[in-house]
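Listed here are the chains, written in short residue letters.
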Amino acid sequence: MTVSAILSDKGNNVVTLGPKATLAEICKTLATHRIGAVLIVEGEEILGIVSERDVVRLVSAGGGEALSSPATSCMTKNLVTCARNDTIAVVMEKMTTGRFRHVPVVEEGKLEGVISIGDVVKYRIAEAEREAEEMRSYITTT
Ligand code: AMP
């Protein structure tokens, strides 16, 4: 199964903020949308990502003052991305190697979605259930 299949299930919606958004605004956005990371973009350009782990790290180091920092000083700039045709195994490998839980889907520089570890787990459970059902059906019909 590929990234495309997950996107056709969950949609292409990506929550983004501009580079001037403060860490406080980022927190508000994460809470409102019940998500773990927000992409920082300027027009079509993808600048970076800020996840809840960054919020914890920055507030732990800088206290409440960190909440007025701009996204540009909070985000991870070296983004690891995936393509629509990548398999879920490839995405899992990227998450495991990079120790992060979000992988933006980018095609020709354009942001087309985000795959989270929750999406991957959901897919793996559905796949395991399907395999078990196929096995049950094979056993009962042979
Ligand atoms: P997460 O596990 O996704 O909450 O992120 C853990 C750390 O990795 C944070 O510092 C994020 O900014 C960073 N991060 C999250 N996703 C990516 C990604 N796709 N590429 C690079 N860094 C990322």
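Whatever comes next refers back to the structure up there.
Being a predicted model, the structure only gives us computed values, none of them experimental.

About the thresholds
Residues numbered from 1 in each chain as written. Predicted model: local features only at pLDDT ≥ 70, side-chain atom pairs only at ≥ 80, totals over all residues. Heavy atoms only, no water. Axes fitted to C-alpha atoms, helices over the stretch in contact; angles between N-to-C directions. Helix = DSSP H or I, 4+ residues; strand = E, 2+ residues; numbered from the N terminus. Parallel < 35°, antiparallel > 145°, perpendicular 65-115°, else oblique. Left-handed = near helix turned anticlockwise from the far one by under 90°. Contact = heavy atoms within 4.5 Å. Core = buried A, V, L, I, M, F, W, Y, C linked by side-chain atoms within 4.5 Å. Buried < 20%, exposed > 50% of the residue type's maximum accessible area, 1.4 Å probe, protein only. Near = heavy atom within 4 Å. Polar contact = N/O pair within 3.5 Å; in protein donor to acceptor, adjacent residues only side chain to side chain. Areas by Shrake-Rupley, 256 points an atom, 1.4 Å probe, with all protein chains shown as cover. Nonpolar A, V, L, I, M, F, W, Y, C, P; charged D, E, K, R; others polar. Pairing = 2+ DSSP bridges.

The axes of two packed helices give the description: the angle between them and the distance between them. Viewed as axis vectors pointing N to C, helix α5 (residues 88-98) and helix α6 (residues 117-141) meet at an angle of 135°, and their least axial separation amounts to 11 Å. Relative to α6, α5 is oriented oblique. Between α5 and α6 lies a crossing of left-handed hand. Of α6, the residues touching α5 (which contributes Ile88, Val91, Met92 and Met95) are Ile117, Val120, Tyr123 and Arg124.

With that out of the way, let us pick up the nonpolar core. Ranked by internal contacts, the top residues of the largest apolar core, which has 16 residues, are Leu17, Leu23, Ile26, Val38, Ile40 and Val50. When contributions to this core are tallied by element, the ones reaching two or more residues are α2 (23-33), β2 (37-42), β3 (45-51), α3 (52-62) and α4 (71-74). Take this core: its biggest share by element is three residues, from α2. Leaving out residues up to four positions away in the same chain, Ile40 has contacts with Leu17, Gly18, Pro19, Ile26, Glu45, Ile46, Leu47, Gly48, Val50, Ala71 and Met75.

Our focus in this paragraph is the site of the ligand. If you check the shell around the ligand, you find 13 residues, and the closest are Ser51, Asp54, Thr76, Arg101 and His102. At 2.5 Å, a side-chain N or O of Asp54 approaches an oxygen atom of the ligand. The protein chains hide 90% of the 470 Å² of surface that the ligand would expose on its own. Put simply, the parts of the chain that give the shell around the ligand at least two residues each are β3, α3 and β4 (102-107). Among the elements that make up the shell around the ligand, the one with the highest residue count is β4 (three residues). Its residues assigned to classes, the shell around the ligand comprises six nonpolar, four polar and three charged.

The next thing to look at is the sheet that holds β3. Hydrogen bonds between backbone atoms are what pair the strands of a sheet, whose relative direction is either parallel or antiparallel. Strands sit in the order β1-β2-β3 across an open sheet of three strands; the sheet is mixed. Single-partner strands in this sheet number two, and they are β1 (16-17) and β3. Most of the contacts of α2 go to β2, to which it runs at about 125°, and overall it touches β1, β2 and β3.

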